[in-house]
Amino acid sequence: MPTQNKLIVRSNIIVLVIVAVIGMMLFFVNDPYGLKLILLLACIIWANPFAFLNRTGIDRIVFLLWVYDIILCFTSINTFASVRVVRNSTTLYFAYLLLRQVMEYPKSVRLLKQSICIVMGVALLLSLLSFFIFRRSVLDAGFEDTYSFRFLFLPLGHNTNEWTTVLLGFAGLSLVFHRSGNFKAMV
């Protein structure tokens with residue numbers, strides 16, 4: 001049986017892997033070899049989250065959604081696109097399993113919050129900078145405003161509707177972090 005310190009170190013390493021995978025997904029890192037999935041699978045094998053995971057109704061629902069994605073892959077007309085969706089949902093399901101284990105250790109939860117805040121901050125900063133560059137380019141081309149070109153702006157490769165959804169998720173996480181009382185300690 002591993003000692004408590006070893007479990008916390010292992011949990012912190014898993015948190016860093018999960019945040020790296022989230023960052024890779026957010027910034028559209030090209031992953032033709034499935035590195036994200038391999039990293040998470042290695043963490044699952046190393047951590048063995050199935051041994052002590054208390055199943056809840058939410059766990060069952062997430063599992064059923066994952067199985068539903070897999071079934072849809074076999075019944076889809078466009079198999080290539082379906083395989084990509086299944087790969088993403090499998091990556092997120094594995095991350096969910098690991099996060100369930102990480103939540104047992106408060107120090108790891110704090111590291112998770114800090115790491116996600118850093119990723120969110122970098123993403124927001126890059127998004128704002130890209131908007132100012134986009135706006136300046138449109139205005140320098142002789143146009144009066146950017147309204148006619150709003151569909152050409154793709155922050156971090158996402159269309160604006162997807163990016164708005166990501167920002168709403170970031171806002172929700174920020175509110176949760178603030179309400180948990182650790183937000184001031186992280187800044």
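Residues numbered from 1 in each chain as written. Predicted model: local features only at pLDDT ≥ 70, side-chain atom pairs only at ≥ 80, totals over all residues. Heavy atoms only, no water.

Draft legend 1. How the structure looks around the packing of helix 1 (residues 4–26) against helix 4 (residues 79–102). The geometry of helix 1 relative to helix 4 is characterised by a closest axis approach of 10 Å and an angle of 150° between their N-to-C directions. Here helix 1 is positioned roughly antiparallel relative to helix 4, judged by the angle of their axes. Crossing geometry of helix 1 relative to helix 4 is assigned as left-handed. Two secondary-structure elements touch here, helix 1 through Arg 10, Ser 11, Ile 14, Val 15, Ile 18, Val 21 and Met 25 and helix 4 through Asn 88, Thr 91, Leu 92, Ala 95, Leu 98, Leu 99, Gln 101 and Val 102. (Axes fitted to C-alpha atoms, helices over the stretch in contact; angles between N-to-C directions. Helix = DSSP H or I, 4+ residues; strand = E, 2+ residues; numbered from the N terminus. Parallel < 35°, antiparallel > 145°, perpendicular 65-115°, else oblique. Left-handed = near helix turned anticlockwise from the far one by under 90°. Contact = heavy atoms within 4.5 Å.)

Draft legend 2. A look at the nonpolar core. Grouped together as the largest cluster of nonpolar side chains are 27 residues, with contacts concentrated most on Ile 14, Leu 26, Leu 40 and Leu 98. Secondary structure elements with two or more residues in this core: helix 1, helix 2 (35–47), helix 4, helix 5 (106–140) and helix 6 (160–179). It is helix 1 that provides the largest number of residues to this core, a total of seven residues. (Core = buried A, V, L, I, M, F, W, Y, C linked by side-chain atoms within 4.5 Å. Buried < 20%, exposed > 50% of the residue type's maximum accessible area, 1.4 Å probe, protein only.)

Draft legend 3. Structural detail: the confidence of the model for the chain. Per-chain confidence: the chain averages 85 in pLDDT, with 92% of residues scoring 70 or above. The spread of mean pLDDT over the elements of the chain runs between helix 7 (residues 183–186), the lowest at 50, and helix 3 (residues 57–75), the highest at 91. (pLDDT = per-residue confidence, 0-100.)

Draft legend 4. Representation of the environment of Asp 145 in the model. Position of Asp 145 among the secondary structure elements: in the loop between helix 5 and helix 6. Sequence-distant contacts of Asp 145, that is, excluding residues within four places in its chain, are made with Val 138 and Leu 139.

Draft legend 5. How the structure looks around helix 4. Taking 1.5 Å per residue as the helical rise, helix 4 with its 24 residues ought to reach 34 Å, and the 34 Å between its terminal C-alpha atoms agrees with that figure. Along helix 4, the positions that sit buried rather than exposed are Ser 82, Val 86, Ser 89, Thr 90, Thr 91, Tyr 93, Phe 94, Ala 95, Leu 97, Leu 98, Gln 101 and Val 102. (Expected span 1.5 Å × (residues − 1).)

Draft legend 6. Spatial organisation of helix 5. An ideal rise of 1.5 Å per residue puts 51 Å on 35 residues; helix 5 measures up with 51 Å between its terminal C-alpha atoms. Along helix 5, the residues classified as buried are Ser 108, Val 109, Leu 112, Lys 113, Ser 115, Ile 116, Val 119, Met 120, Ala 123, Ser 127, Phe 134 and Val 138.

Draft legend 7. Region of the structure containing the layout of surface pockets. In this structure, the largest pocket encloses a volume near 1000 Å³. If you go around the largest pocket, you meet 34 residues; those closest to its centre are Met 25, Leu 26, Lys 36, Asn 88 and Leu 92. Broken down by secondary-structure element, the contributors of at least two residues to the lining of the largest pocket are helix 1, helix 2, helix 4, helix 5 and helix 6. No other element matches helix 4, which puts eleven residues into the lining of the largest pocket. For the lining of the largest pocket, a count of residues per class yields 22 nonpolar, eight polar and four charged. (1 Å grid on protein atoms, 1.4 Å probe; cavity = no way out; pocket = protein on both sides within 12 Å on 5 of 7 lines; lining within 4 Å. Points joined across faces, edges and corners; volume = space filled by probe spheres on them. Nonpolar A, V, L, I, M, F, W, Y, C, P; charged D, E, K, R; others polar.)

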